[in-house]
Amino acid sequence: EPIVLTSVQQISPTTDEFYFATTTYMNNNVTFNLNLYPTFLPSSKAQDITLLVHYLALQPLALISNVSSDDVINNVLITGDLMDEVQQTFRAGYGQTYRLFNGLDADLRFIDNRVQIGPIDQGAEFVTRYNTELNSDGVMYTNQAGLEYVPRVFNPFWDEPIAGNYFPSSGQSYIEDVEQDVRFSTIVNQGHGISSLRNGHMELMLQRRCLQDDGRGVAEVLNTTYHTEPQIMIVLDNKENTANLNRRLYQIQQFEHSFFYGLTDSMQQYMSEYATTWTAMHNSMAASGLPESVFLMQLRYGYSGQKVGQNSGMILALQHMLESNESSMAKPVNLDLQTIFNTSVVPVKNSTEMNLLATIALSDLQRLPWNVQMENGQVMPIRDESSEQKRRQMQKESDEMSFNIELEPRQIRTFVLNVEPDRPENRAV
């Protein structure tokens, strides 16, 4: 908010006494309020008091140091068959790397930006900024943990126009030009503040080192001194491709591959001596065993019957990654639980649908009934005991008779497989 300096002078009556006092004032980007009230009136007779008010409003400016404009920037270019890489060093503690992959693999259709930060200067906030020619109309979209997108509209009239237009993001964020059908998207591997302060602009707050506590409740100075290297995946494409890539790349980033190394003289020798591919997924439906819109959230042992081994239960959680109308793949998907996995690895003999945490079967779930009273006084039951009994019976029959399931956009469903007896106890082992 602006800094407002005020001066109040009593014009009349012209005495050595002052007949007014001031209180604190409030100000924002447009106006400020200065409150004056009389202390006492002149003793001779009631008369008007004339005051002269001077004020000066100063807009505080953020001190920005553009490290990319330094005179000496060390650039190292590395090219190869698989990828091209640019390594930039601005100054001690500040650098970044851009990688562009040359392969045709759909999972490599992004620019890999890795920033090396820290320890940063005291009292500094490190921001990386991307400028495009897109007409984003002052709107940016963010989400948390790869879930629902939330529109963020730039508001220039906040008391703090920069900080007030920063939003948290721990997943994907994008701006788009609707007329050109172009989206610019970033996918991060850790939580950051993100903002779009003007059209076609996106910036991420990657690191902070403050001088004092902000008085917002934790009573602790945010004085981060360690070195960090956040990864930012950058996608620039049309709406359809960006929507699909955002969801898939986020999962790839959050659940990285495990790396194994072998001591051989060449890649050909390594491939001849070691197995380089293996999967437990069945390829009858898709190359990965699942449609591109479905994510295998969880697969682990969680229950067992009388003995451990073949009779042990496995918890399976499946997620439809897309929201309704997000792309052409945002439509219901039908799956057969028996054909997801290679039957020689994970044979599916029975299945029971559970709640999301896999702590209780849906056929045993006791949902609370309640009524809603409408404006006209009519009472409408949302759920009653008879409808719940019917739902539980239908769920039990579905678990016993069919392995076919349907996933709606954004839906998550959890199952327990291969439990003997085929209904798990309400406890985890």
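Rules used in this analysis
Residues numbered from 1 in each chain as written. Predicted model: local features only at pLDDT ≥ 70, side-chain atom pairs only at ≥ 80, totals over all residues. Heavy atoms only, no water. Buried < 20%, exposed > 50% of the residue type's maximum accessible area, 1.4 Å probe, protein only. Helix = DSSP H or I, 4+ residues; strand = E, 2+ residues; numbered from the N terminus. Pairing = 2+ DSSP bridges. Expected span 1.5 Å × (residues − 1). Axes fitted to C-alpha atoms, helices over the stretch in contact; angles between N-to-C directions.

A. Region of interest: the pairing of strand β27 (residues 412-417). Counted residue by residue, β27 has 5 buried out of 6 residues, so it is predominantly covered. One ladder, built from 6 bridges, connects strand β21 (residues 313-320) with β27; its direction is antiparallel. Within the sheet, the bridge partner assigned to M314 lies in β27 and is L417. Pairing analysis gives 4 bridges linking strand β23 (residues 351-354) to β27, with the strands arranged antiparallel. Bridged to E353 within β27 is F415.

B. Focus on helix α1 (residues 239-254). If you check α1, its first and last C-alpha atoms are 23 Å apart, about what 16 residues at 1.5 Å a residue would give, namely 22 Å. Every buried residue of α1 is listed here: T242, A243, N244, L245, N246, R247, L249, Y250, Q251 and Q253.

C. Region of the structure containing the sheet that holds strand β17 (residues 192-195). Taken together, the 4 strands give an open sheet; going across it, the order is β11-β18-β17-β14, and neighbouring strands pair in antiparallel fashion. The open sheet terminates on both sides in strands that have one partner only, identified here as β11 (124-131) and β14 (167-169). For this sheet the average axis-to-axis angle between neighbouring strands, irrespective of direction, equals 35°. Pairing of β17 with strand β18 (residues 201-209), which is carried by 3 bridges, proceeds in the antiparallel orientation. Bridge assignment links G193 to a residue of β18, and that residue is M205.

In short, the description is geometric, and any link to function would need to be established separately.
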